[in-house]
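Listed below are the residues making up each chain.
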Amino acid sequence: MPEYWSEVLEKKNSLFMDAYGAISKVLYPSFEYLAQVLRPCFLYMGVFPQNYEILKSKVVIMWAAEGFPEPLGWQTENEYSEQCLRALSYNNLVLLHKESTIWNIKSSGVKSCLVHTSVWHFCKTEAKKNKFFHMLHKCDDDLEEGIEGQRRLTIHNNILFAIKDVRNLIEDSCASTTRSLLCFGPYCRYQVPIFFGLRLLRMVDALTIRFYEFPIEVVKLVQLRYLALTCDGDLPSSIYKLWNLQFLIISRHLSIKPFEAPSFIPKEIWDMKELKHLQVVGSDLRDPCGTSLPNLTTLLDVSTLSCTKAIFEAIPNLRKLGIQIESEPDAAEALSFLDQISNLKKLQILKCVVVNPDLMTETLLHPHPLPTSLTVLKKLHLSGLGYSWEDMSVIGSLPNLEVLKLRCYAFQGRTWIVEEKRFAKLGYLVIEDTDLVKWEVREGGCPNLYYLSIKHCHLLEEIHGRFGHN
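First, a word on scope: everything that follows refers to the structure included in this document. Note that the structure is predicted; figures quoted are calculated from it, not measured.

With that out of the way, let us pick up the packing of aromatic side chains. In total, this model carries 18 aromatic pairs according to the counting rule given. Summarising the aromatic geometry, the rings of Tyr226 and Phe247 are spaced 6.2 Å apart at their centres and angled 45° between planes, so their arrangement reads as tilted. In this pair, Tyr226 sits in strand β7 (residues 226–231) while Phe247 sits in strand β8 (residues 247–251), placing the two residues 21 residues apart along the sequence. Relative to Trp439, the ring of Trp416 has its centre 5.2 Å away and its plane inclined at 20°; by these criteria the two rings are stacked. With a gap of 23 residues between them, Trp416 in strand β17 (residues 415–418) and Trp439 in strand β19 (residues 438–441) connect regions that are remote in the sequence.

Here it is as structure tokens:
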């Protein structure tokens with residue numbers, strides 16, 4: 001009857017809240033059962049928007065920056081965070097989304113996860129009650145009720161920063177307590193006056209807010225451990241004042257850059273000894289001049305200008321490297337930087353992508369010999385390099401390689417023959433956008449392969465061989 005539906009419409013918010021309240025009573029025992037070290041990890045999943053697919057790589061560095069319990073001595077942060085996610089999944093509190101998870105349950109890796117709507121509401125309510133975090137979405141009770149003394153603010157509507165009264169209220173209520181400012185609202189194409197007056201901030205994530213230039217007031221936040229911004233301007237030399245910074249992520253609003261001289265990160269970056277993760281899109285490292293970053297484990301979105309012997313020797317503990325190559329017709333030595341990668345003795349993950357390769361040429365780049373000394377490498381992602389399949393024998397001999405992704409003519413040719421006893425530990429293989437027609441795996445090749453994805457190949461007619469786990 002229409003009158004009953006009208007009653008439901010009038011009470012829809014209370015009906016949902018009543019339902020979430022009832023579900024929370026069911027979830028609470030699972031939360032209580034969690035080990036103490038897992039409880040903050042679980043509640044933290046609520047800082048993200050509802051139905052938000054959370055990348056494990058994002059969770060890893062945010063947990064670390066927040067100072068949650070550190071991994072045991074034999075664990076990396078990546079291994080520890082994955083162990084935590086699996087424990088939460090085991091307790092039915094976090095979903096490991098299989099369609100977006102790169103490795104299945106047999107593998108050692110999880111790419112992303114998701115929390116159910118009811119679990120998300122539980123996290124939000126429990127976190128607010130315990131002053132773990134406070135969520136701001138609109139100018140109502142969210143803003144005034146319970147904001148005082150909150151340690152973390154997660155903003156799901158970035159336009160709130162344009163309201164002066166909101167900024168004043170945050171300053172008055174949170175200046176002495178708030179350590180994290182997390183902006184996860186819809187992306188703002190235009191700059192809003194984000195509030196950097198919380199001088200005790202340790203974390204700022206504002207990737208969904210565009211800045212025309214780097215906000216210079218940020219360098220006053222000397223307690224920062226984690227900084228993630230979207231801005232098109234250069235980093236200031238005063239960035240070194242953030243001497244506690246461990247994670248620096250700078251994205252760009254403009255994906256098409258004008259033709260100009262190379263952009264470099266200020267040389268003062270080498271004075272920031274606590275840095276673990278460095279990702280400044282479109283900018284490269286300068287010569288270290290005898291200094292080093294001993295704690296840097298991740299360097300992403302750099303060009304071959306950052307791949308020199310001096311720089312690699314100054315970051316001896318690097319475990320993850322992402323390189324973007326601008327392909328040019330005369331790039332005869334475009335891949336010569338590969339000779340220097342042998343200086344990275346602890347490198348486990350390498351991603352090398354040619355930006356907008358010319359697929360019409362016979363060879364995309366003049367191939368340079370692949371390095372043979374990457375004995376600890378576990379994951380390799382290549383795109384647009386144009387190697388011949390005969391060159392794959394070098395990669396096949398890497399003793400610890402578990403994941404291999406080949407996209408956009410990383411290799412080219414009609415036939416790929418995997419030689420005997422190659423790819424001993426390879427479990428995950430992706431081949432996309434190539435002219436491959438025939439793939440033959442000889443005895444003992446790829447014995448542990450359990451996941452194979454072949455997409456957008458010219459005409460893949462035949463696959464011959466044996467696999468230990470298909």
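From this point on, the discussion continues.
All right, on to the pairing of strand β13 (residues 379–383) then. Here β13 lies mainly inside the structure; 5 of its 5 residues are buried. Every second residue of β13 is oriented toward a common face, with Lys379, His381 and Ser383 on one face and Leu380 and Leu382 on the other, all of them buried. As judged from the 5 bridges shared by strand β12 (residues 349–355) and β13, these two strands associate in the parallel manner. Paired with Val353 across the strands is Ser383, a residue of β13. Strand direction decides the pairing type here: β13 and strand β15 (residues 403–407), joined by 5 bridges, are parallel. Bridge pairing links His381 to Lys405 in β15.

Those residues of helix α8 (residues 164–174) lying buried are Val166, Arg167, Ile170, Ser173 and Cys174. All buried residues of α8 lie within an arc of 145° about the axis, which places them on one face of the element. Opposite the buried face of α8, by more than 90 degrees, sit the exposed residues Lys164, Asp165 and Asp172.

What follows covers the state of the cysteines. What the rule picks out here adds up to 0 disulfides. With no disulfide of its own, Cys352 lies closest to Cys307 among cysteine sulfurs, the gap being 7.8 Å. Using a relative accessible area of 4% as the deciding quantity, one classes Cys352 as buried.

Further remarks concern the pairing of strand β11 (residues 320–326). Sheet topology places strand β10 (residues 298–302) next to β11; 3 bridges connect them, and they run parallel. Within the sheet, the bridge partner assigned to Val302 lies in β11 and is Ile323. Viewed along the sheet, the connection from β10 through helix α9 (residues 309–314) into β11 turns out right-handed. Note: β11 against β12, 7 bridges, orientation parallel.

By the criterion of burial, helix α4 (residues 56–66) is predominantly enclosed, with 9 of the 11 residues buried. Buried residues of α4: Lys56, Lys58, Val59, Val60, Ile61, Met62, Trp63, Ala65 and Glu66, and no others. Once α4 ends, the next one or two residues include Gly67, with phi positive near 80°.

This part is about the pattern of salt bridges. What the rule picks out here adds up to 9 salt bridges. When the shortest N-O distance is used, the salt bridge between Lys58 and Asp205 registers 2.6 Å. Taken as a pair, Lys58 in helix α4 and Asp205 in strand β6 (residues 203–211) lie far apart in primary sequence, 147 residues in all. Among the salt bridges present, the one from Lys267 reaches Glu268, with a minimum N-O distance of 3.5 Å. Classification of Lys267 as exposed rests on a relative accessible area of 54%. Residue classification places Glu268 among the buried residues on the basis of a relative accessible area of 18%.

This part covers the packing of α4 against helix α5 (residues 77–90). Packing of α4 against α5 brings their axes to within 9 Å, and their N-to-C directions diverge by 105°. Viewed along their axes, α4 and α5 adopt a mutual orientation that is roughly perpendicular. Of the residues in α5, those in contact with Lys56, Val60, Trp63 and Ala64 of α4 are Glu77, Asn78, Ser81, Glu82, Cys84 and Leu85. By residue class, the composition of the contact of α4 with α5 is 5 nonpolar, 2 polar and 3 charged.

This next bit is on unusual backbone geometry. Residues other than glycine seldom take positive phi values, yet Lys421 does so here, at roughly 55°. For Lys421, the position within the fold is in the loop between β17 and β18 (428–434). With a phi close to 55°, Asp433 is a non-glycine residue in the positive phi region. Looking at the secondary structure, you find Asp433 in strand β18. Residue Asp433 is classed as partly exposed on the basis of its relative accessible area, which comes to 30%.

What counts as what
Residues numbered from 1 in each chain as written. Predicted model: local features only at pLDDT ≥ 70, side-chain atom pairs only at ≥ 80, totals over all residues. Heavy atoms only, no water. Phe/Tyr/Trp six-rings, centres within 6.5 Å; stacked < 30°, edge-to-face > 60°. Helix = DSSP H or I, 4+ residues; strand = E, 2+ residues; numbered from the N terminus. Buried < 20%, exposed > 50% of the residue type's maximum accessible area, 1.4 Å probe, protein only. Pairing = 2+ DSSP bridges. Arc of directions from axis to C-beta. Disulfide = S-S within 2.5 Å. Right-handed = clockwise from strand over helix to strand, strands pointing away. Salt bridge = Lys/Arg side-chain N within 4 Å of Asp/Glu carboxyl O. Axes fitted to C-alpha atoms, helices over the stretch in contact; angles between N-to-C directions. Parallel < 35°, antiparallel > 145°, perpendicular 65-115°, else oblique. Contact = heavy atoms within 4.5 Å. Nonpolar A, V, L, I, M, F, W, Y, C, P; charged D, E, K, R; others polar.

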